[in-house]
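# Understanding the architecture of this molecule
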Amino acid sequence: KDGKNMYEMFAYTTPAIFSQMRPRFQAIIESFGRLTDRAALNRQPERLQTHRVSRQTTLRDALLRARVPEERLEELALINQGRLGDTVPAGTLLKIIKTSTRSATQ
């Protein structure tokens, strides 16, 4: 518990090896400290949005047209269950990630 917030952590394994894994799980859970980094505390979630492809093109080009940064193309191809070189028909809905620009204090 930290202030008004309560956090609960879980560790999963099979019953057969629980006693063997318990010390490792306990060490991992106890290794967390209080988060005080303002940048981390104020970070906003990324949210999925849809983008309709206007014309047949490659997944790479469709993502670039949707203003997906070059460094995230592979990640978004995976989210859309495709490869960057795949052909995407016009009208296809793609999932893209938009990062919130709002601060957590607003």
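Residues numbered from 1 in each chain as written. Predicted model: local features only at pLDDT ≥ 70, side-chain atom pairs only at ≥ 80, totals over all residues. Heavy atoms only, no water.

## Re the pattern of salt bridges
To keep it simple, the criterion reads: Within this document, salt bridges are pairs made up of a side-chain nitrogen of Lys or Arg and a carboxyl oxygen of Asp or Glu, the two lying within 4 Å of each other. Note on conventions: DSSP H or I runs of at least 4 residues are helices, E runs of at least 2 residues are strands, and numbering of each starts at the N terminus. Exposure categories follow from relative accessible area, calculated using a 1.4 Å probe and restricted to protein chains: below 20% of the type maximum is buried, above 50% is exposed, and the middle band is partly exposed.
Scanning the entire structure with this criterion turns up three salt bridges. The partner of R60 in a salt bridge is E70, and the shortest N-O contact between them spans 3.1 Å. Of the two residues, R60 sits in helix 3 (residues 59–65) while E70 sits in the loop between helix 3 and helix 4 (73–79), which places them ten residues apart along the sequence. Taking relative accessible area as the criterion, R60 reaches 32% and is therefore assigned partly exposed. Of the charged contacts in the structure, one is a salt bridge between R72 and E75, with a shortest N-O distance of 2.8 Å. Connected through shared salt-bridge partners, E46, R72 and E75 make up one network.

## Describing the packing of aromatic side chains
What counts, and what does not: Side-chain rings of Phe, Tyr and Trp, where Trp is taken by its six-membered ring, are said to pair if the distance between their centres is within 6.5 Å; with planes under 30 degrees apart they count as stacked, over 60 as edge-to-face, and otherwise as tilted.
Enumeration over the complete set of coordinates arrives at one aromatic pair. For the pair F10 and Y12, a centre-to-centre distance of 6.3 Å together with 20 degrees between the ring planes defines the contact as stacked. The exposed category is assigned to F10, whose relative accessible area is 57%.

## With respect to the side chain of T57
This is how the line gets drawn: Should any heavy atoms of two residues lie within 4.5 Å, those residues are considered in contact.
Within the secondary structure layout, T57 lies in strand 2 (residues 57–58). The contact partners of T57, leaving out residues within four places of it in the chain, are A62, D86, T87 and V88.

## Focus on the confidence of the model for the chain
Quick reminder of the rule: Across the chain, each position has a pLDDT score giving the predictor's confidence in that residue, from 0 to 100.
In the predicted model, the chain carries a mean pLDDT of 89, and 91% of its residues have values of at least 70. Low pLDDT, under 50, characterises residues 102–106; the predicted model gives this stretch six contacts beyond four residues in sequence or across chains.

## Points about a nonpolar patch on the surface
Our working definition: Like-charged residues are merged into a patch within 9 Å and nonpolar side chains (Val, Leu, Ile, Met, Phe, Trp, Tyr) within 5 Å, provided each residue has over 30% relative accessible area and no salt bridge. Under the convention used here, a 1.4 Å probe and the Shrake-Rupley method define accessible areas, while residue burial counts only the protein chains that appear.
Nonpolar side chains collect at one region of the surface, where M9, I28, I29 and F32 lie side by side and expose about 380 Å² of accessible area between them. Inspection of the secondary structure assignment puts I28 in helix 1 (residues 18–30).

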